[in-house]
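Residue-level listing of the chains:
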Amino acid sequence: MAASTFLSQDMKMYLRAWRKTLVGGLLSCGSLWLALACISYDSYDPSFNTAIDGSVHNTCGIWGAYLADVVIQLFGISGHVLWMISFGWGAMLLAGRQLSWMSFRVVTLAFGLSCLVLWVSFIKPSSSGILGAMTHNIILKIWPYSGASWISFGLSFVFLLIASHLTRGDFLFIFKR
């Protein structure tokens, strides 16, 4: 007897729905934990580049301090987009929606985050993280015009909108009067 006929179709559908709910719940909870870690980020907490013998101030403990340090050091304030998008993905899975083209959405999230970090580096360089400082210097050498900041803002908006997987119905629900 083949392994594919071991479970009935109803059981397979139930297990798929259960898996989607489990992944959605883990993704939502993980992103809320990341949000709490990033919001309670303290540069004086122990991390990969800070050796301190004192107590941890991050609400999520030592693990939150390390993770928030990596996110904030790399992406600056733009790193908050990571937990926002991942929470949205988790909520969609919990609502029973299908997340299609996930590899494509992860790539567009990376591009959108890169463009957002670049835009923040034009607005407030100290809040853009290491990637913002690096991309800012590279872009200014390639294209020293003021339009680069608006182009990076527009591209980040488009890429992050695609990555979020929001539909027209979602926008109508969010922005209805």
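If you're wondering where the values come from, they're calculated on a predicted model, not measured in any experiment. (Residues numbered from 1 in each chain as written. Predicted model: local features only at pLDDT ≥ 70, side-chain atom pairs only at ≥ 80, totals over all residues. Heavy atoms only, no water.)

Asker: Is there a simple way to think about a nonpolar patch on the surface in this case?
Answerer: Side chains of Trp 101, Phe 104, Phe 157, Val 158, Leu 161, Ile 162, Leu 166, Phe 173, Ile 174 and Phe 175 sit close together on the surface and give an oily, nonpolar patch of about 1,100 Å² of accessible area. Residue assignment for the nonpolar patch shows that the elements contributing at least two residues are helix H6 (147-164) and helix H7 (168-175). A per-element tally of the nonpolar patch places H6 first, with 4 residues. For Ile 174, the position within the fold is in helix H7. (Patch = residues over 30% accessible without salt bridge, like charges linked within 9 Å, V, L, I, M, F, W, Y side chains within 5 Å. Areas by Shrake-Rupley, 256 points an atom, 1.4 Å probe, with all protein chains shown as cover. Salt bridge = Lys/Arg side-chain N within 4 Å of Asp/Glu carboxyl O. Helix = DSSP H or I, 4+ residues; strand = E, 2+ residues; numbered from the N terminus.)

Asker: Hey, could you run me through the confidence of the model for the chain in this one?
Answerer: Caution applies to low-pLDDT parts of the model: their predicted coordinates are not meant to be read in detail. When pLDDT is averaged across the chain, the result is 88; 97% of the residues are at 70 or more. Looking at the elements of the chain, mean pLDDT is at its lowest for H7, recorded as 77, and at its highest for helix H2 (residues 61-75), recorded as 94. (pLDDT = per-residue confidence, 0-100.)

Asker: In this structure, what is going on with the packing of aromatic side chains? I would like to understand it.
Answerer: Here a ring pair, both rings aromatic, is described through the centre-centre distance and the interplanar angle of the planes. A complete count under the given rule lists 5 aromatic pairs for this structure. Taking 4.8 Å as the distance between ring centres and 70° as the angle between the ring planes, the aromatic pair formed by Phe 48 and Tyr 66 counts as edge-to-face. With Phe 48 in the loop between helix H1 (9-39) and H2 and Tyr 66 in helix H2, this residue pair connects regions lying 18 residues apart in the sequence. On the basis of relative accessibility, which here comes to 26%, the residue Tyr 66 falls in the partly exposed class. When the centroid spacing of 6.3 Å and the interplanar angle of 75° are considered together, the rings of Trp 101 and Phe 104 count as edge-to-face. One aromatic cluster is present, formed by Trp 119, Trp 150 and Phe 153 through successive ring pairs. (Phe/Tyr/Trp six-rings, centres within 6.5 Å; stacked < 30°, edge-to-face > 60°. Buried < 20%, exposed > 50% of the residue type's maximum accessible area, 1.4 Å probe, protein only.)

Asker: In this structure, what is going on with the layout of surface pockets? I would like to understand it.
Answerer: The probe, sized like a water molecule, is rolled over the atoms to show the empty space still left. Estimated volume of the largest pocket: approximately 540 Å³. Lining the largest pocket we find 21 residues, and of these Met 84, Ile 85, Leu 160, Ser 164 and Leu 166 sit closest to its centre. Listed by contribution, the elements that provide at least two residues to the lining of the largest pocket are helix H3 (80-94), helix H4 (102-123) and H6. Among the elements that make up the lining of the largest pocket, the one with the highest residue count is H3 (7 residues). In terms of residue class, the lining of the largest pocket is made up of 16 nonpolar, 3 polar and 2 charged. If you add up the space inside the second largest pocket, you get close to 180 Å³. Lining the second largest pocket we find Arg 16, Arg 19, Lys 20, Val 23, Leu 27, Trp 89, Leu 93, Arg 97, Gln 98, Leu 99 and Met 102. Element by element, the count of residues in the lining of the second largest pocket is highest for H1, at 5 residues. By residue class, the composition of the lining of the second largest pocket is 6 nonpolar, 1 polar and 4 charged. (1 Å grid on protein atoms, 1.4 Å probe; cavity = no way out; pocket = protein on both sides within 12 Å on 5 of 7 lines; lining within 4 Å. Points joined across faces, edges and corners; volume = space filled by probe spheres on them. Nonpolar A, V, L, I, M, F, W, Y, C, P; charged D, E, K, R; others polar.)

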